[in-house]
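So the chains spell out like this:
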There are 2 protein chains.
Amino acid sequence: MTTLFKPIRPKKLSEEIVEQIKSLITGGQLKPGEKIPSEREMAALLGVSRPSVREAIMVLETMGLLESRQGGGTYVRSLTDGTLAPLAAMLEDNPELLKELLEVRMGMECWAAYLAAKRASEAEIKEIGSSVEEMARQAQSGGWSSEVDSRFHYAITTATHNTMQLHVLNTIHGLFLATIEVALTKLYSQPRYIEVLLGQHRAIYEAIAARDGDRARRAMAEHLEWVQATLPQLA
Amino acid sequence: MTTLFKPIRPKKLSEEIVEQIKSLITGGQLKPGEKIPSEREMAALLGVSRPSVREAIMVLETMGLLESRQGGGTYVRSLTDGTLAPLAAMLEDNPELLKELLEVRMGMECWAAYLAAKRASEAEIKEIGSSVEEMARQAQSGGWSSEVDSRFHYAITTATHNTMQLHVLNTIHGLFLATIEVALTKLYSQPRYIEVLLGQHRAIYEAIAARDGDRARRAMAEHLEWVQATLPQLA
DNA sequence: GATATTAAATTGGTATGACCACTTTACTAC
DNA sequence: GTAGTAAAGTGGTCATACCAATTTAATATC
C-alpha cells in the first residue's frame, strides 16, 4: 500500500517558471520563432531573481523548447526541431531529398490553407493581407526577402489555430531555408518570377478571405507546384 | 555551398560542466546512488562559480541523470529506461496538444493517400490490400494489434514514393503511439468499432486501387475524423 | 535620402557574497 | 546507550557587479 504514496517535495521556483513557460508554448501564446522577454524583464514580471529565471531557461533549452543567444535574446524553438533533427542530416547527405521535403511541405501548407480558410479571424485575414501588400511594396524595389515570404506562410499557419501545425511547419520550413536560401533569394528578385508569385499569393489570400477551404487549398497547391517546377532552374 | 558551414557558438561553462559529469556517469566513475561533491566543492574543484555549477546540475536533473535534495546533497540516478523525450512527455500532459498533433497527422495522411493513389505500383496496391485482409482475419478473433494498423498506414505512405514523407509520418506516429497506445488497443478490439474501421480501411484501399486521388483523400479524411471523434470516449 | 561608421544600450554569461531553509553530524546530558 | 540540542554542511534564492556579444541609435559623409 506504500506505493500509493509518494514523497511530496516542494517545487523549486525554477520548476514553476518552467511549467509556466511550457504552458505558454503549448497553448500557442508563445509561438516558434518568437523572442521571449529578457531575463531581467522576466525576473521583474515574475517577482523572482535573475539567476532563478536563468535556471529555468537553461532547463527549457535542455528540453529543446528555447534557444538563447548571447546579446541577442532568447527565442522559442519549434517543438519538433529535436524529433525531426535527423531530417537535416539526411538532407545534407542527399540533396535530392529536398524535392521530397518540398512535397511534404506542399501537403502541409495546402492543409494549412484549407484550415485557415475555415478558421481565420478577421485580424488574421488582415495580417495575411498585410504581408501580401508588403511583398507588393518590396516588389517595386526589385524584390522581397525570404523573410517576407516566411511571414506570409507563417500568418496562414497561425490562422489554422493549431499550435502543433505551426511547430511542425516551422521545423520543415527551417530545414528548407537552411538548404536553399540562395535559390529562394533569386526567385524573389527576378521580375518575371515576382509577378507570378505575387499573383499566386494574392489568390491564396483571396481564397482564405472568402473562407473557401477547397479554393485556398487549390491555390496553395498551384503556388507550390510552380515553385517546385521553377526552383531547379535556379540551383 | 553555404550549407557546408555552420555557425560556431562557443560553449557555455555550464555545458562543459554537464559534459564532464555525463562522462563520469557513463564511464562508471560516478555510479547510481553515489553522492557527487557539493556545489561549493565542485565549484572550487572546477575553478568556476557556484551559479555555473548549479546551472549544470539543473540541466543534468532535467536529463534524469542527477537528483538534488535541499540540505541533503546531489545524487546520481539509476540509468533505467529513463524519461520520455520532452515532446512526448508534453503530449502526455496535454490532451489539447495531442488533438492538434492528430490534426497535423490527418493532413499528412490524407496527402499520403492522395499521392499513393497517383503513384502506387501494383505490388504496393497489393501490399495495402494484404494488410486490410490481415485486419479482417484478426477481426474474427476479436481484434487486431496497433502494429497491423501501423502496417496499413505505412504501406500507404511507402506508396507515395516520398522518403521524407515516410520519415516525418513515422516520427509523428511514434509520438502518437507513445501516448495513446492503450486507447488504440481498445479501439482495435471492440466489435462495434472494428466493423466501422474495417469498412473505412477498405474504402481507402479501394480508392487507391482505383487510382482516384481525391476519393482516397476523402476516404482517409473520413476515417481519421471518425478516429478523432471516437478516441476521447476511450481515454 | 541613403549608407557607413561609431557610440550607446540591451542582452546573455559569469562571478561574488549573502542569507534562508533543510538535512546531517557532532556534542552534551542523563 | 539514548535523547535532545547546537553546529556544520548542503541546496535554494537573491542582489549586485562586471564581461562579452548583439542590437539599436546617433552621427558623419556622399
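Just so you know, the residues in each chain are numbered from 1, in the order the chain's sequence is written. Starting at A for chains and at 1 for ligands, labels are handed out in the order in which the entities are written. At least 70 in pLDDT is required for a residue's local features to be given in this predicted model, at least 80 for side-chain atom pairs to be given and counted, and no such filter applies to totals for whole chains, interfaces and linings, which use all residues. Here the side-chain values reflect all heavy atoms present in the structure, with hydrogen atoms and water set aside.

Trainee: Go over the sheet that holds strand 1 (residues 35–36) of chain B with me, naming the residues and quoting the values.
Mentor: Residue and element names in this part refer to chain B. By this definition, two strands are paired if DSSP reports at least two bridges between them. Helix and strand assignments come from DSSP, with helices taken as H or I runs of at least 4 residues and strands as E runs of at least 2, each series counted from the N terminus. If you walk across this open sheet you meet the three strands as 1-3-2, and the pairing is antiparallel. In this open sheet, the two strands that pair with only one neighbour each are strand 1 and strand 2 (66–69). Direction of pairing for strand 2 relative to strand 3 (residues 73–76): antiparallel, over a ladder of four bridges. By the bridge assignment for strand 3, R69 is matched with G73. Each of strand 1, strand 2 and strand 3 touches helix 3 (residues 50–62); the most contacted strand, strand 2, lies at about 120 degrees to it. What makes two residues a contact is simply this: any of their non-hydrogen atoms within 4.5 Å. Axis geometry follows a simple rule: fit a line to the C-alpha atoms, using only the stretch in contact for helices, then measure angles between N-to-C directions, giving values from 0 to 180 degrees.

Trainee: Which residues make up the protein's contact with DNA strand D, and what are the values?
Mentor: Nearness of a residue to a molecule or strand requires only that one of the residue's heavy atoms be within 4 Å of it. The full set close to DNA strand D counts 21 residues, and K12, L13 and S52 of chain A together with E39 and R50 of chain B are the nearest of them. Near the protein, within 4 Å, the atoms of DNA strand D are sugar or phosphate in 59% of cases. We define a polar contact as two N or O atoms separated by no more than 3.5 Å, with the added condition that, inside protein, one atom must be a possible hydrogen donor and the other a possible acceptor, whereas residues neighbouring each other in sequence contribute only through side-chain atom pairs. Interatomic distance of 3.1 Å between a side-chain N/O atom of S49 of chain A and a phosphate oxygen of DNA strand D. Where the surface near DNA strand D is concerned, the elements lending two or more residues are helix 3 (50–62) of chain A together with helix 2 (39–46), helix 3, strand 2 and strand 3 of chain B. Along the lines of polarity and charge, the residues of the surface near DNA strand D split into two nonpolar, 11 polar and eight charged. Note on residue classes: Ala, Val, Leu, Ile, Met, Phe, Trp, Tyr, Cys and Pro are nonpolar, Asp, Glu, Lys and Arg are charged, and everything else, Gly too, is polar.

Trainee: Just give me the short version of the interface of chain A and chain B, but keep the residues and values in it.
Mentor: At the junction of the two partners, chain A supplies 41 residues and chain B supplies 36 residues. Once two parts are brought into contact, the accessible area they lose, counted with a 1.4 Å probe and summed over both, makes up the buried area. Interface of chain A and chain B: buried area, both sides summed, is about 3,600 Å²; carbon and sulfur atoms make up 66% of it. The salt bridge definition used is simple: a Lys or Arg side-chain nitrogen within 4 Å of an Asp or Glu carboxyl oxygen. Linking chain A with chain B are six salt bridges. Between E55 of chain A and R54 of chain B there is a salt bridge, with the nearest N and O atoms lying 3.0 Å from each other.

Trainee: Outline the packing of helix 8 (residues 163–187) of chain A against helix 5 (residues 95–119) of chain B, listing residues and values.
Mentor: Put simply, helix 8 of chain A and helix 5 of chain B touch, their axes get as near as 7 Å, and they point 55 degrees apart. The pairing of helix 8 of chain A with helix 5 of chain B is recorded here as oblique in orientation. Helix 5 of chain B is crossed by helix 8 of chain A, and the crossing has right-handed handedness. Packed against helix 8 of chain A, whose contacting residues are T163, M164, Q165 and V168 of chain A, the element helix 5 of chain B presents L97, E100, L101 and V104 of chain B at the interface. Of the residues belonging to the contact of helix 8 of chain A with helix 5 of chain B, the class tally is five nonpolar, two polar and one charged. Our angle categories are set so that under 35 degrees counts as roughly parallel, over 145 as roughly antiparallel, 65 to 115 as roughly perpendicular, and the remainder as oblique. For a crossing to be left-handed, the near helix must be turned anticlockwise from the far one by less than a right angle; the clockwise case is right-handed.

Trainee: Could you give an account of helix 8 (residues 163–187) of chain B, with specific residues and numbers?
Mentor: Residues and elements named next belong to chain B. The length a helix should cover is 1.5 Å for every residue beyond the first. Over its 25 residues, helix 8 extends only 29 Å from the first C-alpha to the last, a length that falls short of the 36 Å expected when each residue adds 1.5 Å. Along its length, helix 8 shows its largest kink, about 80 degrees, at I180. The backbone nitrogen of M164 has a side-chain oxygen 3.0 Å away, supplied by the residue at the start of helix 8, namely N162. Throughout, the bend at a residue refers to the angle made by two axes, fitted to the seven residues ending there and to the seven starting there.

Trainee: Lay out a negative patch on the surface with the relevant residues and their values.
Mentor: Like charges are joined within 9 Å and nonpolar side chains (Val, Leu, Ile, Met, Phe, Trp, Tyr) within 5 Å, but only among residues with over 30% relative accessible area and no salt bridge; these make up the patches. Per-residue and other accessible areas were derived by the Shrake-Rupley procedure at a 1.4 Å probe size, with only the shown protein chains allowed to occlude residues. Neither His nor the chain ends contribute to the count of charged residues, in which Lys and Arg are positive and Asp and Glu negative. Here the site of a charge means atom NZ of a Lys, CZ of an Arg, CG of an Asp or CD of a Glu. Taken together, the side chains of E16 and E19 of chain A together with E92 and D93 of chain B present a region of like negative charge at the surface. Counting only elements with at least two residues in the negative patch, the list comes to helix 1 (13–26) of chain A together with helix 4 (86–93) of chain B.

Trainee: Now, about the sheet that holds strand 2 (residues 66–69) of chain A: what can you tell me, with residues and values included?
Mentor: Strand order in the open sheet formed by three strands is 1-3-2 (chain A), with antiparallel pairing between adjacent strands. Strands with a single pairing partner mark the edges of an open sheet, and in this sheet they are strand 1 (35–36) and strand 2 of chain A.

Trainee: Tell me about the pattern of salt bridges, residues and numbers included.
Mentor: Under the criterion given, the structure shown has 21 salt bridges over all chains. The closest approach of N and O atoms between R137 of chain B and E134 of chain B, which form a salt bridge, is 1.9 Å. One end of the pair, R137 of chain B, and the other, E134 of chain B, are both in helix 6 (residues 122–139), three residues apart, so they sit about a helical turn from each other. For every residue, the accessible area obtained with a 1.4 Å probe (protein chains only) is divided by the maximum for its type, and the residue is called buried under 20%, exposed over 50%, and partly exposed between those limits. Using a relative accessible area of 53% as the deciding quantity, one classes R137 of chain B as exposed. For E134 of chain B, a relative accessible area of 18% corresponds to the buried category. What emerges from the salt-bridge pattern is a single network uniting E39, R50 and R54 of chain A together with E55 of chain B.

Trainee: Tell me about the protein's contact with DNA strand C, residues and numbers included.
Mentor: Around DNA strand C, a shell composed of 22 residues is seen, among which E39 and R50 of chain A together with K12, L13 and S52 of chain B lie nearest. Take the atoms of DNA strand C that sit within 4 Å of the protein: sugar and phosphate atoms are 61% of them. At a separation of 3.2 Å, a phosphate oxygen of DNA strand C approaches a polar side-chain atom of T74 of chain A. Within the side chain of S52 of chain B, an N or O atom sits 2.9 Å from a phosphate oxygen of DNA strand C. No other element matches the three residues that helix 3 of chain B contributes to the surface near DNA strand C. Class assignment for the residues of the surface near DNA strand C results in three nonpolar, 11 polar and eight charged.

Trainee: So what's going on with the packing of aromatic side chains? Which residues, and what values?
Mentor: Side-chain rings of Phe, Tyr and Trp, where Trp is taken by its six-membered ring, are said to pair if the distance between their centres is within 6.5 Å; with planes under 30 degrees apart they count as stacked, over 60 as edge-to-face, and otherwise as tilted. Counted according to the given criterion, the structure contains six aromatic pairs over all chains. A ring pair is formed by W111 of chain B and Y114 of chain B, whose centres lie 5.6 Å apart and whose planes are at 5 degrees; its orientation type is stacked. Residue W111 of chain B and its partner Y114 of chain B are both found in helix 5; the two are separated by three residues, about one turn of the helix. Owing to a relative accessible area of 9%, W111 of chain B belongs among the buried residues under this scheme. The ring of Y75 of chain A carries the charged tip of R69 of chain A above its face, separated from the ring centre by 4.3 Å. Definition used: whenever NZ (Lys) or CZ (Arg) falls within 6 Å of the ring centre and also within 35 degrees of the ring normal, the charge is taken to sit over that ring.

Trainee: Quick rundown of the environment of W226 of chain B? Include the residues and the values.
Mentor: Residues and elements named next belong to chain B. As for its position among the elements, W226 is in helix 10 (residues 213–230). Residues W226 and A207 lie 19 residues apart in sequence; the distance between their C-alpha atoms is 18 Å. Dropping the residues within four chain positions of it, W226 is found in contact with L187, Y193, V196, L197 and Q200.

Trainee: Which residues make up the packing of helix 5 (residues 97–119) of chain A against helix 8 of chain A, and what are the values?
Mentor: Residue and element names in this part refer to chain A. Where helix 5 meets helix 8, the axes come as close as 10 Å, and the angle between the chain directions of the two elements is 145 degrees. In terms of crossing hand, the pair formed by helix 5 and helix 8 is left-handed. Contacts between helix 5 and helix 8 involve L98, L101, L102, V104, R105, M108, E109, W111 and A112 from the first element and Q165, V168, L169, I172, H173, L175, F176, T179 and I180 from the second. Grouping the constituent residues of the contact of helix 5 with helix 8 by class yields 13 nonpolar, three polar and two charged.

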